[in-house]
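So the chains spell out like this:
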Amino acid sequence: MTDKENFYSGFFLGRLPGSFDSRFLIKVACFQPGKEERNVFELTTDTKREEDYGEMVHFWVDKGPLQNKSFVRFEENYETFFIHENKMFDRIVHTDKDFYVGVNDLPDSDIYIHPDLGKMIDTRSIVTPGKKYNFITFEVKQNENNSFDIEIVGGEVQGKEKNSEEPSAKEKIIQKMEQVHEVMKVEYEYNKNEETANWDVIGHLKLIKFYDKDLTSGLRPVLRLMDNRHVALFKKQRETMPIKMIKVIEVDGIWKDDVNFVPQEGTLLPTDHDEKTVVLLGNDYRHKFERLFKREDVFRLESNNTLTHLKFWQFTTEQTCCLFIIVINLQPIRTSL
């Protein structure tokens, strides 16, 4: 067995409790460049590892082939060209830069064969043959059978070069920010799906009255939980949360969307009552909602997080070459009902 056959790469999944004979137990999503097999293994090593979750690692196996509980030695000086987006601590997202995609690299419409990572799933048809890419962003997704897939979630084709000069400082910043935007889009989509899943758990809300003490923004609907089993999750979700309200009706004991009404958009505001919330309606829905809906109408909610502010940051970056991230921690104003 040659040295090359003993060399593996992978994505670090964490340190496991327990050690023996000065050896440490770790978990890695493992693969070999140029080979299809991918496995999530528990491995042993003689050095304590401090990698971030999802960080790419490279190592040699003492006795191959690699399997569960194999002893490995890490290659500390191996140069990697992938950028680990480690701010996404609960997911594994990387960016690869500056490469060409040939016709033979796409054997099927939704498959791309990366020269180092092998098969990548591309259901969104982000990668096309005959083009050079500034970058692609991909995510590692673990399967239940201790294997994993790599899925392309974003990318950018290189434009025609105006000249061969080194890009200006402004152009370098814009290129870097474009990569950040792709990762932010992935994270937003994930968060939006998570929030909508939480609303499915919380259940339906009933319109019980209208808050009319501040008419500058129109009457504000007051909603109450129909099932109080998930009040704690509801309190967390309603903290100044942008949502869509979809009216539902009961048909043969099953709640279905009422197709006679378009979804209403607004922002949830907390109240003094754990099971209630007030909706600050969006501009397009104010002064109309109370004519369309009545007390006792029932709604389901969905997340309405959008990427509008990402477009704002993209515009700002192109104009000023600067990005200022401002975090303001405000306590939401509570409405007394």
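The rules behind each value
Starting afresh in each chain, residues are numbered from 1 along the sequence in its written order. Thresholds applied to this predicted model are a pLDDT of at least 70 for local features of residues and 80 or more for the giving and counting of side-chain atom pairs; totals over whole chains, interfaces and linings are not thresholded and use all residues. Water and hydrogen atoms were dropped before computing side-chain values, which therefore reflect all heavy atoms in the structure. Here a strand is any run of E in DSSP of at least two residues, a helix any run of H or I of at least four, and the numbering for each starts at the N terminus. Categorising residues by exposure relies on relative accessible area from a 1.4 Å probe, with only protein chains included: less than 20% of the type maximum marks a residue as buried, more than 50% marks it as exposed, and the intermediate range marks it as partly exposed. For this analysis, a polar contact is any N or O atom pair within 3.5 Å, provided that within protein one partner can donate a hydrogen and the other can accept it, and provided that sequence-adjacent residues contribute only side-chain to side-chain pairs. Residues enter a nonpolar core if they are buried and are Ala, Val, Leu, Ile, Met, Phe, Trp, Tyr or Cys, with the set joined through side-chain atoms within 4.5 Å. Any two residues whose heavy atoms approach within 4.5 Å at even a single point are treated as in contact. The working definition used for a salt bridge is a side-chain nitrogen of Lys or Arg within 4 Å of a carboxyl oxygen of Asp or Glu.

Asker: Hey, could you run me through unusual backbone geometry in this one?
Answerer: Note: most residues except glycine have negative phi, and most peptide bonds are trans. Its identity is not glycine, yet S125 carries a phi of approximately 55 degrees, on the positive side. Turning to its location among the elements, S125 is positioned in the loop between β9 (118-121) and β10 (131-142). Taking relative accessible area as the criterion, S125 reaches 47% and is therefore assigned partly exposed. In this structure, D252 is a non-glycine residue whose phi angle is positive, near 55 degrees. Structurally, D252 is set in the loop between β14 (242-251) and β15 (254-257). According to the relative accessible area criterion, D252 is exposed, its value standing at 78%.

Asker: Any chance you could explain the side chain of E151 here in plain terms?
Answerer: Following the sequence through the fold, E151 ends up in strand β11 (residues 148-157). A residue is classified by how much of its surface remains accessible, and E151, at 15% relative accessible area, is buried. In terms of polar contacts, E151 uses its side chain to reach the side chain of K141, at 3.0 Å.

Asker: Can you help me understand the nonpolar core in this one?
Answerer: If you look at soluble globular proteins, the nonpolar side chains tend to sit buried side by side. In terms of nonpolar packing, the biggest core is built from 23 residues, with F11, Y112 and L117 touching the most fellow members. Elements that contribute at least two residues to this core include exactly β1 (7-20), β2 (23-31), β7 (92-101), β10 and β11. With residues up to four places along the chain from it excluded, the contact list for L117 reads F11, F31, R38, M56, F82, F138 and I150. The next biggest cluster of nonpolar side chains, apart from the first, holds 19 residues, and it includes F210, I243, Y285 and F299.

Asker: What's the story with the pattern of salt bridges in this structure? I'm lost.
Answerer: Opposite charge on two side chains permits them to pair, given that their charged atoms come into close proximity. Counted according to the given criterion, the structure contains 14 salt bridges. For the salt bridge of E296 with K206, the shortest nitrogen-to-oxygen distance reads 3.3 Å. Taken as a pair, E296 in the loop between α3 (289-292) and β18 (298-303) and K206 in strand β12 (residues 205-211) lie far apart in primary sequence, 90 residues in all. The class of K206 is partly exposed, set by a relative accessible area of 22%. For the salt bridge of D258 with K247, the shortest nitrogen-to-oxygen distance reads 3.1 Å. Here D258, found in the loop between β15 and β16 (264-270), pairs with K247, found in strand β14; they are 11 residues apart in sequence, far enough to count as distant.

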